[in-house]
Amino acid sequence: MAFKPANNIQDLQYFGEFGGVNPSISDSSTYTFLSAKTMFDTFEGNADGCYLYSRHSSPSNLYLGEALAAMEGTETATVTASGMGAITPVFLQLCDAGEHIVSSRTIYGGTYAFLKNFTPRLAIDTTFVDITKLEVVEAAITPKTKILYCESVSNPLLEVADIKGLAALAKKHNLKLVVDNTFSPLSISPIKLGADIVVHSLTKFINGSSDTVGGVVCGTQEFIDQLRNVNDGAAMLLGSTMDSLRSASVLKNLRTLHIRMQQHSLNATYLAEKFEADGLKTVYPGLASHPSHDLFKSMMNEKYGFGGMLTIDVGTLDKANALMELMQERNLGYLAVSLGFYKTLFSAPGSSTSSEIPEEEQAEMGLSDGLIRFSIGLDADIERTYDMMKACMVELNIL
Ligand SMILES: *Cc1c(COP(=O)(O)O)cnc(C)c1O
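Computed from a predicted structure; not experimentally measured. (Residues numbered from 1 in each chain as written. Predicted model: local features only at pLDDT ≥ 70, side-chain atom pairs only at ≥ 80, totals over all residues. Heavy atoms only, no water.)

**Student:** Please clarify how the overall build of the protein should be interpreted in this entry.
**Tutor:** Of regular secondary structure, the protein possesses 15 helices and 12 strands. Taking 21 Å as the expected radius of gyration for a compact globule of 399 residues, we find that the protein reaches 21 Å, a close match to that expectation. If one aligns the C-alpha atoms of the protein with their principal axes, the spans along those axes are about 75 × 55 × 40 Å. Per-residue burial over the protein gives 55% buried out of 399 residues. Counting only contacts in the protein whose residues sit at least 6 apart along the sequence, the fraction spanning at least 24 positions is 70%. Of the side-chain charges in the protein, 30 are positive and 45 negative, and the distance between the mean point of each set is 3 Å. (Helix = DSSP H or I, 4+ residues; strand = E, 2+ residues; numbered from the N terminus. Rg over C-alpha atoms; globule rule 2.2 N^0.38 Å. Buried < 20%, exposed > 50% of the residue type's maximum accessible area, 1.4 Å probe, protein only. Contact = heavy atoms within 4.5 Å. Lys, Arg positive; Asp, Glu negative; His and termini not counted. Charge placed at Lys NZ, Arg CZ, Asp CG, Glu CD.)

**Student:** Please explain the domain arrangement of the protein as it appears in this structure.
**Tutor:** The accessible area lost on association of the parts is a frequent measure of interface size. What the domain assignment reports for the protein is domain 1 (5-254) and domain 2 (260-395). Across the contact, 37 residues belong to domain 1 and 38 residues belong to domain 2. Its largest share of buried area at the contact with domain 2, domain 1 owes to Leu158, Ser187 and Phe205, together 22% of the area lost on that side. For the side of domain 1 that touches domain 2, the secondary structure elements donating two or more residues are helix H1 (5-10), helix H5 (109-118) and helix H10 (244-254). Among the elements that take part in the side of domain 1 that touches domain 2, H5 stands out by supplying five residues, more than any other. When grouped by side-chain class, the residues that make up the side of domain 1 that touches domain 2 number 20 nonpolar, 12 polar and five charged. (Domains from an automatic or database assignment. Buried area = accessible area lost by both parts, 1.4 Å probe. Nonpolar A, V, L, I, M, F, W, Y, C, P; charged D, E, K, R; others polar.)

**Student:** I keep staring at the environment of His200 and nothing clicks. Help me out?
**Tutor:** Looking at where His200 falls in the secondary structure, it is placed in strand E6 (residues 197-201). The class of His200 is buried, set by a relative accessible area of 1%. Residues His200 and Ala235, spaced 35 residues apart in sequence, show a C-alpha to C-alpha distance of 15 Å. Not counting the four nearest positions on each side in its chain, His200 is found in contact with Met71, Glu72, Gly83, Ala86, Asp180, Asn181, Thr182, Pro185, Ile206, Gly214, Gly215 and Val216. Within the structure, the side chain of His200 is placed 2.6 Å from the side chain of Glu72, a separation counted as a polar contact. Separated by 3.4 Å, the side chain of His200 and the backbone oxygen of Asn181 make a polar contact. (Polar contact = N/O pair within 3.5 Å; in protein donor to acceptor, adjacent residues only side chain to side chain.)

**Student:** Explain the packing of helix H4 (residues 84-94) against helix H8 (residues 221-228) here, please?
**Tutor:** Between two packed helices, both the angle of their axes relative to each other and the distance between the axes serve to describe the pair. Following both chains from N to C, one finds H4 and H8 inclined at 100°, their axes separated by 10 Å at the closest point. As far as their axial angle goes, H8 and H4 are roughly perpendicular. Side by side, H4 and H8 meet where Pro89, Val90, Gln93 and Leu94 of the first sit next to Phe223, Gln226 and Leu227 of the second. In terms of residue class, the contact of H4 with H8 is built from five nonpolar, two polar and no charged. (Axes fitted to C-alpha atoms, helices over the stretch in contact; angles between N-to-C directions. Parallel < 35°, antiparallel > 145°, perpendicular 65-115°, else oblique.)

**Student:** Where do I start with the sheet that holds strand E7 (residues 215-219) in this structure?
**Tutor:** Within a sheet, adjacent strands bond to each other through the backbone by hydrogen bonds, running parallel or antiparallel. Sheet architecture is open: seven strands sit in the order E1-E7-E6-E5-E4-E2-E3, paired in mixed fashion. The sheet is open, and its two edges are formed by strand E1 (76-80) and strand E3 (125-129), each paired on a single side. In this sheet, adjacent strand axes meet at a mean angle of 20° when their direction is disregarded. Lying on the sheet, H5 is in contact with strand E2 (100-104), E3 and strand E4 (145-151); it crosses E3 at an angle near 130°. Seen against the sheet, helix H7 (residues 163-172) touches E4 and strand E5 (176-180) and runs at an angle of roughly 150° to E5. (Pairing = 2+ DSSP bridges.)

**Student:** Would you mind showing me how to read the environment of Gly308 here?
**Tutor:** With respect to the helices and strands, Gly308 occurs in the loop between helix H12 (293-299) and strand E9 (309-313). With a relative accessible area of 0%, Gly308 lands in the buried category. A sequence separation of 43 residues divides Gly308 from Ser265, and the C-alpha atoms of the two residues are 4.9 Å apart. Among residues more than four places away in sequence, those in contact with Gly308 are Phe205, His264, Ala268, Phe374, Ser375 and Ile376.

**Student:** What is the right way to read the state of the cysteines from this model?
**Tutor:** One covalent bond between the sulfur atoms of two cysteine residues makes up a disulfide. Applying the stated criterion across every chain yields a total of zero disulfides. Looking at Cys218, it has no disulfide partner, and the nearest cysteine sulfur is the one in Cys150, 15 Å off. (Disulfide = S-S within 2.5 Å.)

**Student:** Explain the side chain of Ser26 here, please?
**Tutor:** Residue placement: Ser26 occurs in the loop between H1 and helix H2 (36-43). The exposure class of Ser26 is buried, given its relative accessible area of 12%. Residues within four places of Ser26 in sequence aside, it is in contact with Tyr31, Ser58, Pro59, Ser60 and Ser244.

**Student:** How should the site of the ligand be read in this particular structure?
**Tutor:** Inspection of the region around the ligand gives 13 residues, with Met84, Asp180, Ser201, Thr203 and Lys204 positioned closest. Contacts to the ligand include Gly83, whose backbone N or O atom sits 2.8 Å from an oxygen atom. Contact between the ligand and Met84: an oxygen atom at 2.8 Å from a main-chain N or O atom of the residue. Summarising the interface, the protein chains cover 93% of the accessible area of the ligand, which totals 380 Å² for the free molecule. Here the shell around the ligand is built from residues that sort into four nonpolar, six polar and three charged. (Near = heavy atom within 4 Å. Areas by Shrake-Rupley, 256 points an atom, 1.4 Å probe, with all protein chains shown as cover.)

**Student:** For this particular structure, what's the right way to read the packing of aromatic side chains?
**Tutor:** Inspection of the entire model under this criterion finds 13 aromatic pairs. The interplanar angle of 40° and the centroid separation of 5.6 Å between the aromatic rings of Tyr31 and Tyr51 together place this pair among those described as tilted. Placement of Tyr31 in the loop between H1 and H2 and of Tyr51 in the loop between H2 and helix H3 (59-72) is noted, with a sequence separation of 20 residues between them. Residue classification places Tyr31 among the buried residues on the basis of a relative accessible area of 17%. In textbook terms, an aromatic cluster arises when at least three aromatic residues are bridged by ring pairs, as seen for Tyr270, Phe275, Phe346, Phe374 and Tyr386. Its end group placed over the ring of Phe118, Arg121 keeps NZ or CZ at 4.6 Å from the ring centre. (Phe/Tyr/Trp six-rings, centres within 6.5 Å; stacked < 30°, edge-to-face > 60°. Lys NZ or Arg CZ within 6 Å of the ring centre and 35° of its normal.)

Encoded structure:
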């Protein structure tokens, strides 16, 4: 059967204990065993279908994990308490002291801070590269390199990674290609393009209601088992476990992701085209002017569009701040970090979500002071939103 991410979620069936249309929530941290022998076997990882303790696994977390694995086309997945709680164990599971990571330099601020400031304490070093230049990526690989890391669509600059090209490099040098697909769920399927492991912050589009943090690692059964191993599994031992009540609520939101992504993409495309036509410096992968527009097109599952994220550059931080405050006053969205909400969210990444990145490095990668990152909401009347946003810009002499 053809790989269809949203169908794959839709086709899963889980019933509740009494035939409920939603699976029952497993409201337990520990599980009884009928025999002591089964408990021992479970500890050893040899008793399929038995639960031991909910930091290791729980029925609710497995339901959500299986749905996300179906979406990404991996054998299985493990859900975590946050996106960072998914990403950091992957690095620590795959790298020993003395080993090396090659990472895109335009990545989520927290991931950047972890690789820049934290893993060097464990003698794991990272070289940050311009991920859009495959020859630069390859030149950074050393005999100690274990991981090639990128975001399919990067935060906040919306650079697009050539996942097929990176997968070929990973294969050639025997590395794992790990892709953070938080900005482009359903639109891009990294595994289909050759990635080994996909991570997400569920906090954003996937959950979509800005009411919780969460994360997932999608990969092979072998790798997920390693992460959850009671003796040396980074996910198990670092303890960033999602709570069952929360995984049940994320699973319910996941079921409408395809409809939400279509509307986010539709609205973002409309605004990006209008902003660009007005002469604003606009970055959106769906615009023909985006340097990786064709690449995105060649990778995407077309139906879900180019996603809900766009940036504009209004020149200075003062102007950016004034515009964001005025838009918020007029209820066009919220001045808030994060993304994937029904309401438009905007922030100036240089002074917020990417402030972990030193100013010189921000300048070098093109992250300017006047940049505003938008996560476009699910507005029913995007023409009205545009008219009102434009009025704000005219009032502030931006247009
Ligand atoms: C938010 C985000 C993360 C971190 O996720 P949390 O749920 O906040 O821990 C990682 N990667 C990207 C691309 C993000 O946007």
